[in-house]
Amino acid sequence: MLDPSPHGTLYLWNSRVMFGTNQMQTDFHEHYAATLAISLGSNIRIETESGSCEYEVALLPPNTYHRTVSPGIPMLALLIDPESYEYNAVSNVVKKGKIKRLDIGPFQHLLPKIWELYYGNLNESEAWDLHLNLMQSIQPFQNRKPYIDERIQSIAQKIRNEIPDSIRMKEIGKDFSISEDRLIRLFKEQMGIPLRRYLLWVRLLRTARLLKEGMNITEAAHSAGFSDSAHFSRTFKENFGFVPSLFFGHLRSMDVRFCE
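This is a predicted model, so every value here is computed, not measured. (Residues numbered from 1 in each chain as written. Predicted model: local features only at pLDDT ≥ 70, side-chain atom pairs only at ≥ 80, totals over all residues. Heavy atoms only, no water.)

Student: Talk me through helix 2 (residues 111-118); I want residue IDs and the actual numbers.
Tutor: Restricting attention to buried positions, one finds in helix 2 the residues L111, I114, L117 and Y118. Buried residues in helix 2, looked at end-on, bunch into an arc of 110°, giving them a common side. (Buried < 20%, exposed > 50% of the residue type's maximum accessible area, 1.4 Å probe, protein only. Helix = DSSP H or I, 4+ residues; strand = E, 2+ residues; numbered from the N terminus. Arc of directions from axis to C-beta.)

Here's what the structure looks like:
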């Protein structure tokens, strides 16, 4: 099924991005985030150095050299930090640098919700639940406990409030009566992502939010703690495989949702 009119809905969280689009056509690249791609029409065509294959569902481990050539085909893509709890729970099903073909069967019951996301009809909570269900459909695993230590919640909030100011772990630990080593360990256990990766995601999302609000890329990058616009663009592409303008250069055709 082809859909010629440009469309896209993007949901952004710390440590993961999920979007529906029909404009997926990239150059050869690799990126740090792992990717789950699900076709909502004709098969998705993904090319690697070994050749071209078509997929209903594909799981790409981090740093897989590839390009996707599927213009006009509606699809969902979930990009998730490979250091996150959820990706680590399913990472054993893939091999480094190799795209894993997955059966559409375990995902069939989620297709109505995926279409809802594609059209931007899911709220933040519904989109979050969908992403967890997608990960569980790759391979079942035990979800993280919902309780988060109040100190960790406060530290995460402090980071979001104080970026781009310099964040010193020893000072944060003293503020919340917790050692640096204990802070780093507890943060990963409860937030599902290492503290240093959380810091990077906060900066990326801060810049993206400012771009959506109309700030130019140089000012937005500086405001979030990047040295310049090139530093932000390079970091964004290293993590997602796309230049920021793909998401934020044509906002009329890409509906961007920022989620906590």
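That covers the picture; the talk isn't over yet.
Student: With reference to specific residues and values, describe the nonpolar core.
Tutor: L10, L12, F19 and F248 are the most contacted members of the largest nonpolar core, which totals 52 residues. Considering every element that reaches this core, the biggest residue donor is helix 7 (residues 195-212), with ten residues. If you look at the next biggest cluster of nonpolar residues, it comprises 32 residues, including L78, I80, I104 and L111. (Core = buried A, V, L, I, M, F, W, Y, C linked by side-chain atoms within 4.5 Å.)

Student: Can you break down the confidence of the model for the protein chain residue by residue, with the values?
Tutor: Confidence in the prediction for the protein chain averages 88 pLDDT; 93% of positions are at 70 or higher. Within the protein chain, no element has a lower average pLDDT than helix 5 (residues 169-175), which sits at 71, and none a higher one than strand 6 (residues 57-60), at 98. (pLDDT = per-residue confidence, 0-100.)

Student: Which residues make up helix 4 (residues 150-162), and what values go with them?
Tutor: For helix 4, with 13 residues, the first-to-last C-alpha span of 18 Å sits near the 18 Å given by 1.5 Å per residue. Of all the positions in helix 4, only I152, I155, A156 and I159 are classed as buried. One side of helix 4 holds all its buried residues, which, seen down the axis, span an arc of 100°. Turned more than 90 degrees away from the buried face of helix 4, the exposed residues are E150 and N161. (Expected span 1.5 Å × (residues − 1).)

Student: Explain the packing of helix 2 against helix 3 (residues 124-138) residue by residue, including any values.
Tutor: Where helix 2 meets helix 3, the axes come as close as 11 Å, and the angle between the chain directions of the two elements is 135°. With respect to helix 3, the element helix 2 is oriented oblique. Every pair of crossing elements has a handedness; the one defined by helix 2 and helix 3 is left-handed. In this structure, helix 2 contributes K113, I114 and L117 to the contact, and helix 3 contributes E126, A127, L130 and L134. (Axes fitted to C-alpha atoms, helices over the stretch in contact; angles between N-to-C directions. Parallel < 35°, antiparallel > 145°, perpendicular 65-115°, else oblique. Left-handed = near helix turned anticlockwise from the far one by under 90°. Contact = heavy atoms within 4.5 Å.)

Student: Would you mind going over the pairing of strand 3 (residues 34-39) in detail, with residue names and values included?
Tutor: Within strand 3, six of the six residues are buried, which leaves it mostly tucked inside the rest of the structure. The alternating pattern of strand 3 places A34, L36 and I38 on one face and T35, A37 and S39 on the opposite face, and all of these are buried. As paired strands, strand 3 and strand 7 (residues 67-80) are joined by six bridges and run antiparallel to one another. Of the residues in strand 7, the one forming a bridge with A34 is I80. (Pairing = 2+ DSSP bridges.)

Student: I'd like to hear about the environment of T207, residue by residue, with values.
Tutor: By the secondary structure assignment, T207 is in helix 7. Taking C-alpha positions, T207 is 8.1 Å from F232, a pair spaced 25 residues apart along the chain. With residues near it in sequence (within four places) discarded, T207 still touches A220, A221, A224, F226 and F232.

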